[in-house]
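Take a look at the letters that make up each chain.
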Amino acid sequence: MKHSEFLKKNKRIYFTGVLFFALILSGAAGLIYKIINPSFLAFEKVSKETYIQKEDLGTIENGIHIATGFKDDKSLPLVIASCTPCHSAKLVTQNRATKAGWTGIIKWMQDTQNLWDLGDNEDLITEYLAKNYGPEEKGRRTNLTNIEWYDLED
């Protein structure tokens, strides 16, 4: 059998094989793109960013600075100026530490995160943080009392 006759007889098999290979390649490319860009083909785009209105930047309601969530105190502007250029105020408000603990956190940020020397302001900042975000004795809830326990049966 000649080569041209062989190609004619098997043209459909070649076409199917090439088409299958092309589909596999395009599917793989689509999966790689989906891994790189997870929002591709997402039906609902939800923004998780919150925006503060310009007029709310200095607003304090119920003792809380609206733009940052920090508690109002005399060193609030200093804490805002020192903490929020690098990270969210929520990173501060979710933590609790003593004055020594906050000093240690600041030293760690200076050693590992390129935080600048706070100079005389460091004492004012740690006093504010210890006063407003110090350790709390209370846990998530009080202990349960007057409970009638029972044994589970198999």
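Just above, that's the structure.
A brief report on the enclosed structure follows. (Residues numbered from 1 in each chain as written. Predicted model: local features only at pLDDT ≥ 70, side-chain atom pairs only at ≥ 80, totals over all residues. Heavy atoms only, no water.)

Turning to the pattern of salt bridges, a few remarks are in order. One pass over the structure, following the stated rule, counts five salt bridges. Of the charged contacts in the structure, one is a salt bridge between Glu-136 and Arg-96, with a shortest N-O distance of 3.3 Å. Placement of Glu-136 in the segment after α6 (121-132) and of Arg-96 in the loop between α4 (89-93) and α5 (99-112) is noted, with a sequence separation of 40 residues between them. For Glu-136, a relative accessible area of 52% puts it in the exposed group. The class of Arg-96 is partly exposed, set by a relative accessible area of 37%. (Salt bridge = Lys/Arg side-chain N within 4 Å of Asp/Glu carboxyl O. Helix = DSSP H or I, 4+ residues; strand = E, 2+ residues; numbered from the N terminus. Buried < 20%, exposed > 50% of the residue type's maximum accessible area, 1.4 Å probe, protein only.)

Positionally, His-65 belongs in strand β2 (residues 64-65). For His-65, a relative accessible area of 6% corresponds to the buried category. For His-65, the side chain forms a polar contact with the side chain of Thr-68, separated by 2.8 Å. (Polar contact = N/O pair within 3.5 Å; in protein donor to acceptor, adjacent residues only side chain to side chain.)

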